[in-house]
Amino acid sequence: MAAKLGILGSGAGSNMAAIVDACQSGLLVAEPVLVLCDVENAGILELAKERQITGRFIPPGPFKSKLSDDMERRYIEALQEADVNWVLLAGFMRIIKSEFLRAFPERIVNIHPSLLPSFPGLNAPAQAISYGVQVTGTTVHMVDQGIDTGAIIAQEPVSITPEDTPESLHERIKTTEHRLYPQAISDLLTGKIKVCGRQVIRN
Ligand code: GAR
């Protein structure tokens, strides 16, 4: 049976759309069943609707960078009720705490717009430009207790030009992400990539 995907996002939702489109075209053999969002009017909910995927806004609670315990439980319950096997973070801008990690052990994946471990956290494209690196990129990684510290599944570089703004760079990174994320998920689901703690085995 195809793996059921739950996708969490806070923003435009272009990575969610790329994953759902890859499922619908057969490039990724998985069933996207639920999109959850912590921002009421985020574009991701509209893109989910266009693709006939159930999208739900669940309020995050009072904190800026994490879900409150109560709300985190509601996220977990929604995913469990939908029988989700894999949780994909696609621009979800809150840290995932230990109860969430325990509910989906080694089954939560994130995409981050830099070549980790460089530039973790917020505004990674702006961080890369301010630092003055000539190459940044994107990373697909497992989610653990840290911020963007989990085992690395896939990476791809993106060059920075002197004309780049954080926005233009981020758009170019996203173009790469839309290809890399569905491929990395496919590699995990088919067993081409196996993860055991920090160890990643590529067949
Ligand atoms: C993506 O570039 C993703 O890598 C980034 O947010 C963007 C979401 O865009 N994630 C992070 O910065 C997480 N720290 P999208 O909503 O269009 O997919």
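Rules and cut-offs
- Residues numbered from 1 in each chain as written.
- Predicted model: local features only at pLDDT ≥ 70, side-chain atom pairs only at ≥ 80, totals over all residues.
- Heavy atoms only, no water.
- Helix = DSSP H or I, 4+ residues; strand = E, 2+ residues; numbered from the N terminus.
- Buried < 20%, exposed > 50% of the residue type's maximum accessible area, 1.4 Å probe, protein only.
- Contact = heavy atoms within 4.5 Å.
- Phe/Tyr/Trp six-rings, centres within 6.5 Å; stacked < 30°, edge-to-face > 60°.
- Lys NZ or Arg CZ within 6 Å of the ring centre and 35° of its normal.
- Pairing = 2+ DSSP bridges.
- Right-handed = clockwise from strand over helix to strand, strands pointing away.

**Things to note about the environment of isoleucine 53**
Within the secondary structure, isoleucine 53 is located in the loop between helix H2 (43–50) and strand E3 (55–57). According to the relative accessible area criterion, isoleucine 53 is buried, its value standing at 10%. In the structure, isoleucine 53 is positioned 69 residues away from leucine 122 in sequence and 28 Å away in space, judged by C-alpha atoms. Dropping the residues within four chain positions of it, isoleucine 53 is found in contact with Val20, Gln24, Pro32, Val33, Leu34, Val35 and Ala48.

**Some points on the packing of aromatic side chains**
In total, this model carries three aromatic pairs according to the counting rule given. Considering the side-chain rings of tyrosine 75 and phenylalanine 92, the 6.0 Å spacing of their centres and the 55° angle between planes classify their relative orientation as tilted. Taken as a pair, tyrosine 75 in helix H3 (residues 69–81) and phenylalanine 92 in the loop between strand E4 (86–89) and helix H4 (98–103) lie far apart in primary sequence, 17 residues in all. Of the two residues, tyrosine 75 and phenylalanine 92, both sit in the buried class. Geometry around phenylalanine 63 places lysine 66 over its ring, the cationic atom sitting 4.5 Å from the centre.

**Some points on the pairing of E4**
The alternating pattern of E4 places Trp86 and Leu88 and Val87 and Leu89 on opposite faces, both of which are buried. Strand direction decides the pairing type here: strand E1 (residues 3–9) and E4, joined by four bridges, are parallel. Within the sheet, the bridge partner assigned to leucine 5 lies in E4 and is tryptophan 86. Pairing analysis gives three bridges linking E4 to strand E5 (residues 108–112), with the strands arranged parallel. Along E5, the bridge assignment pairs valine 87 with isoleucine 108. Note on the crossover from E4 through H4 to E5: the handedness is right-handed.

**Description of the pairing of strand E8 (residues 193–196)**
Judged by which residues are buried, E8 turns out to be one-sided: Ile193 and Val195 face inward and are buried, whereas Lys194 and Cys196, on the alternate face, are not. In this sheet, strand E9 (residues 199–202) lies alongside E8 in antiparallel orientation, the contact comprising four bridges. In the strand pairing of E9, lysine 194 is matched with isoleucine 201.

Any link to function would need more than the numbers given here.
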